[in-house]
Amino acid sequence: MTDNDFLKELHNPDVPVPEGMQSAVAVTNIGRLMDSIYNWGRRNSIWPMAFGLACCAIEMIATAASRYDQARFGMEVIRASPRQADLMIVSGTVTKKMVVPIVRLYNQMPEPKYVLAMGACACGGGPFKEGYNVVSGVDKFLPVDVYVPGCPPTPQALLHGFIALQKKIDAQSLGNYNSVPWYGRGPSDAIPVPVLGPDLYDPRQGHIMRRQHEAAQSAAQDKQADA
Ligand code: SF4
């Protein structure tokens, strides 16, 4: 078997490789074969961002301390910079004012990155869901990987969430782009940062607001014409 035949043998038909890059095919497939080792390293070396919003953050801090010792899961390196973190633990009430920097911080984290919503507030607004100043769940703005319910969740519950995240990482494969959308695609698109004015405005919903505005305008014109 020639070298070229060997590379063809390794070629993964799910991954379209341009003619001139055939020599890179071996790397792609080695990545696939090495999934378990690669994921083992990633799941045991998650760097959470130092970041807390409300009462839930106290339980998160307790989880990091000696009694519950999240270092057992390889997560003791808590970073103060989003540039060095790959896990955002949203622990606490997400206010409309705070969601703006939260999205900015998320955009600054390098891929692969994960979001864990800790507590009823981060998962869905919690006891403040109807509050004029509260976002009813951080997943309205960010892709959440793991939800840890509770008010507040205990450190054990948060550890359970860490284990759920580790299982998710274990199931990812570099050979399957659908399970690792960040792999081999260059920088991911930034999430549009919400704008805080009289109320919170999500740029992704601009077309809906424009449609509603146009409908309201045409209804007003029809009313004027009838009068
Ligand atoms: S879920 Fe409960 S404990 Fe956590 S931030 Fe909200 S009110 Fe506080």
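To keep things clear, this report deals only with the structure shown in the data block. The structure presented is a predicted model; accordingly, all values stated were derived computationally and were not measured.

Rules behind the numbers
- Residues numbered from 1 in each chain as written.
- Predicted model: local features only at pLDDT ≥ 70, side-chain atom pairs only at ≥ 80, totals over all residues.
- Heavy atoms only, no water.
- Salt bridge = Lys/Arg side-chain N within 4 Å of Asp/Glu carboxyl O.
- Helix = DSSP H or I, 4+ residues; strand = E, 2+ residues; numbered from the N terminus.
- Phe/Tyr/Trp six-rings, centres within 6.5 Å; stacked < 30°, edge-to-face > 60°.
- Lys NZ or Arg CZ within 6 Å of the ring centre and 35° of its normal.
- Core = buried A, V, L, I, M, F, W, Y, C linked by side-chain atoms within 4.5 Å.
- Buried < 20%, exposed > 50% of the residue type's maximum accessible area, 1.4 Å probe, protein only.
- Contact = heavy atoms within 4.5 Å.

**Observations concerning the pattern of salt bridges**
Here comes step 1: For the structure on display, the rule yields three salt bridges.
Here comes step 2: A salt bridge links R43 to D170, with the nearest nitrogen and oxygen atoms 2.8 Å apart. In this pair, R43 sits in helix α3 (residues 35-43) while D170 sits in helix α7 (residues 155-170), placing the two residues 127 residues apart along the sequence.
Here comes step 3: With a shortest N-O distance of 2.9 Å, K168 and D145 are connected by a salt bridge. With a gap of 23 residues between them, K168 in helix α7 and D145 in the loop between α6 (119-124) and β3 (146-148) connect regions that are remote in the sequence.

**Let's talk about the packing of aromatic side chains**
Here comes step 1: In the structure shown here, the tally under the stated rule is zero aromatic pairs.
Here comes step 2: A cation over a ring is seen here: K113 above Y106, with NZ or CZ 4.2 Å from the ring centre.

**Describing the nonpolar core**
Here comes step 1: The biggest cluster of nonpolar side chains holds 23 residues, and the ones touching the most others in it are M88, V90, V94, V99, I102, V138 and L142.
Here comes step 2: For this core, the elements supplying multiple residues, two or more each, are β1 (87-91), α5 (96-108), β2 (114-118) and α6.
Here comes step 3: Counting residues per element, this core draws most heavily on α5, at five residues.
Here comes step 4: Sequence-distant contacts of L142, defined by excluding residues within four places in its chain, comprise M88, I102, V103, Y106 and I191.
Here comes step 5: Core analysis: the second largest hydrophobic core is formed by 21 residues, I46, C56, I169 and V180 among them.

Note that all results are geometric; they support no functional claim without further evidence.
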